[in-house]
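# Observations on the model geometry
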Amino acid sequence: MKKVILSSAVVALLLTSCVSKKKYVALEENLSNTKSQLTKTQVEKEELESKLSKIEARAAAYNEKINSLKELNDSQFTIENGTVMSNDTKLKLEKTLAEIDPAKVAAAETMEEKVNLAISHNLKKSISQEDGDIDVFVDKTVVMINISDNLLFKSGSYRINDKADNVLGKLAEVINSEPSMEVMVEGHTDPRTINTPALKDNWDLSVKRATSVVRKLQEQFNVDPTQLIAAGRSQYQPLVENTDRDNMAINRRTRIVIIPDLDKFFALLDSES
């Protein structure tokens with residue numbers, strides 16, 4: 001009987017030991033799984049924090065750009081042709097228009113016409129005070145300066161007068177102020193025929209007058225020759241009908257066509273620059 005009781009106790013003890021071991025193994029597996037899940041969660045958390053940090057940085061950059069655009073928008077406005085003008089340029093425009101004949105300002109119906117009028121006024125003032133010999137006008141973003149034949153050349157000649165040095169020097173300052181400008185020098189004549197050992201006709205005369213001005217700008221006033229173009233128009237683009245001597249004098253001219261970079265165009269509003 002004692003043996004039976006002892007055997008039963010041993011069996012019970014062994015059964016109890018087996019159950020505890022299984023539970024222990026299960027707990028170990030649960031612990032391992034929990035640690036693995038925790039590590040995975042930690043990695044995912046760090047990845048999400050990294051993504052969030054990048055999103056916040058991008059949002060901050062966008063907000064900065066939006067604020068910058070708002071500030072820029074507050075400091076400028078757009079004229080009729082879509083060109084943007086800053087408030088600083090607008091103030092210069094108003095200052096220049098105040099110096100011009102009110103009748104001319106009133107005749108400029110659009111903002112673009114007012115800008116062209118102001119640029120013409122400042123350029124003319126910068127280059128010469130001689131109203132009869134210099135005429136400046138602007139078409140879109142192309143500046144055209146007509147210099148009379150009387151100021152530059154003697155009749156039938158392509159040698160430049162010394163009295164033209166002041167005007168050409170001022171013109172060179174304008175060109176040299178902006179290396180992006182392209183400048184075409186055009187010679188124009190009246191229809192009277194010419195034929196000399198040096199000049200076959202008005203084509204020759206107009207071209208030689210243009211090249212004389214170009215050489216003067218390059219050699220005496222240090223204008224970059226890559227900015228210069230010489231062209232002869234002969235008698236075929238008159239400003240007025242060649243009906244009398246006065247009209248023919250108007251048509252005998254050298255035209256300077258300045259093509260500034262659009263971004264620099266409004267700088268011409270500043271007569272002090």
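Up top you'll find the structure we're talking about.
Residues numbered from 1 in each chain as written. Predicted model: local features only at pLDDT ≥ 70, side-chain atom pairs only at ≥ 80, totals over all residues. Heavy atoms only, no water.

### A look at the overall build of the protein chain
The helix and strand inventory of the protein chain stands at nine helices and seven strands. Expressed as a percentage of the 273 residues in the protein chain, the buried residues total 32%. The contacts of the protein chain with a sequence gap of at least 6 include a subset with a gap of at least 24, amounting to 61%. Accessible area of the protein chain: about 17,700 Å², with a carbon and sulfur share of 54%. (Helix = DSSP H or I, 4+ residues; strand = E, 2+ residues; numbered from the N terminus. Buried < 20%, exposed > 50% of the residue type's maximum accessible area, 1.4 Å probe, protein only. Contact = heavy atoms within 4.5 Å. Areas by Shrake-Rupley, 256 points an atom, 1.4 Å probe, with all protein chains shown as cover.)

### Remarks on the pairing of strand β6 (residues 228–232)
In this structure, strand β5 (residues 182–188) lies alongside β6, joined through five bridges in parallel fashion. By the bridge assignment for β6, Val-185 is matched with Ala-230. What joins β5 to β6 is helix α7 (residues 202–219), and the crossover it makes is right-handed. (Pairing = 2+ DSSP bridges. Right-handed = clockwise from strand over helix to strand, strands pointing away.)

### Focus on the nonpolar core
With 38 residues, the main nonpolar core has Ile-145, Leu-168, Leu-171, Val-213, Leu-217, Ile-256 and Ile-258 as its most contacted residues. Among all residues touching Leu-171, those that are not within four sequence positions of it are Ile-127, Ile-145, Leu-217, Ile-256 and Ile-258. (Core = buried A, V, L, I, M, F, W, Y, C linked by side-chain atoms within 4.5 Å.)

### Side note on the pattern of salt bridges
Summed over all chains, the structure comprises eight salt bridges. The partner of Arg-233 in a salt bridge is Glu-186, with the nearest N and O atoms 3.1 Å apart. Within this pair, whereas Arg-233 is found in the loop between β6 and α8 (245–251), its partner Glu-186 is found in strand β5, the two being separated by 47 residues in sequence. As a salt-bridge pair, Asp-190 and Arg-192 come within 3.0 Å of each other at their nearest N and O atoms. For Arg-192, a relative accessible area of 38% gives the class partly exposed. One salt-bridge network, in which partners are shared between bridges, spans Asp-149, Asp-190, Arg-192, Arg-209 and Arg-252. (Salt bridge = Lys/Arg side-chain N within 4 Å of Asp/Glu carboxyl O.)

### Brief notes about the sheet that holds strand β4 (residues 142–148)
Taken in spatial order, the five strands line up as β3-β4-β7-β5-β6 in an open sheet, and their pairing is mixed. Looking at the sheet topology across the chains shown, the edges are occupied by β3 (134–139) and β6. Each neighbouring strand pair of the sheet contributes to a mean axis angle of 20°, computed without reference to strand direction. Summarising the sheet, β3 and β4 pair through six bridges and their orientation is antiparallel. Among the inter-strand pairings, Asp-139 is bridged to a residue of β4, identified as Val-142. Together, β3, β4, β5 and β7 (253–259) form the strand contacts of helix α6 (residues 165–176), whose direction differs from that of β7 by roughly 15°. (Axes fitted to C-alpha atoms, helices over the stretch in contact; angles between N-to-C directions.)

### Thoughts on the environment of Asn-247
For Asn-247, the position within the fold is in helix α8. Taking the relative accessible area as the measure of exposure, Asn-247 reaches 19% and is therefore buried. Residues Asn-247 and Asp-190, 57 residues apart in the sequence, show an inter-C-alpha distance of 8.9 Å. With residues up to four places along the chain from it excluded, the contact list for Asn-247 reads Val-240, Glu-241 and Asn-242. A distance of 2.8 Å separates a polar side-chain atom of Asn-247 from the backbone oxygen of Glu-241. (Polar contact = N/O pair within 3.5 Å; in protein donor to acceptor, adjacent residues only side chain to side chain.)

### Details of unusual backbone geometry
One non-glycine residue, Asn-222, lies in the positive phi region at around 60°. In this model, Ser-234 sits at a positive phi of 55°, which is unusual for a non-glycine residue. The class of Ser-234 is buried, set by a relative accessible area of 2%.

### Quick notes on the environment of Ile-229
Here Ile-229 shows up in strand β6. Between the alpha carbons of Ile-229 and Val-214 there is a distance of 7.5 Å; along the sequence they are 15 residues apart. Leaving out residues up to four positions away in the same chain, Ile-229 has contacts with Val-183, Met-184, Val-185 and Val-214.

### Some details on the packing of helix α2 (residues 87–97) against helix α4 (residues 111–127)
Describing two packed helices takes the angle between their axes plus the distance from one axis to the other. Packing of α2 against α4 brings their axes to within 9 Å, and their N-to-C directions diverge by 65°. As judged from the angle between their axes, α2 and α4 are roughly perpendicular. For the pair α2 and α4, the sense of crossing is left-handed. Residues Leu-93, Thr-96 and Leu-97 of α2 lie in contact with α4, whose contacting residues are Met-111, Lys-114, Val-115, Leu-117, Ala-118, His-121 and Asn-122. Looking at the contact of α2 with α4 residue by residue, the classes come out as six nonpolar, three polar and one charged. (Parallel < 35°, antiparallel > 145°, perpendicular 65-115°, else oblique. Left-handed = near helix turned anticlockwise from the far one by under 90°. Nonpolar A, V, L, I, M, F, W, Y, C, P; charged D, E, K, R; others polar.)

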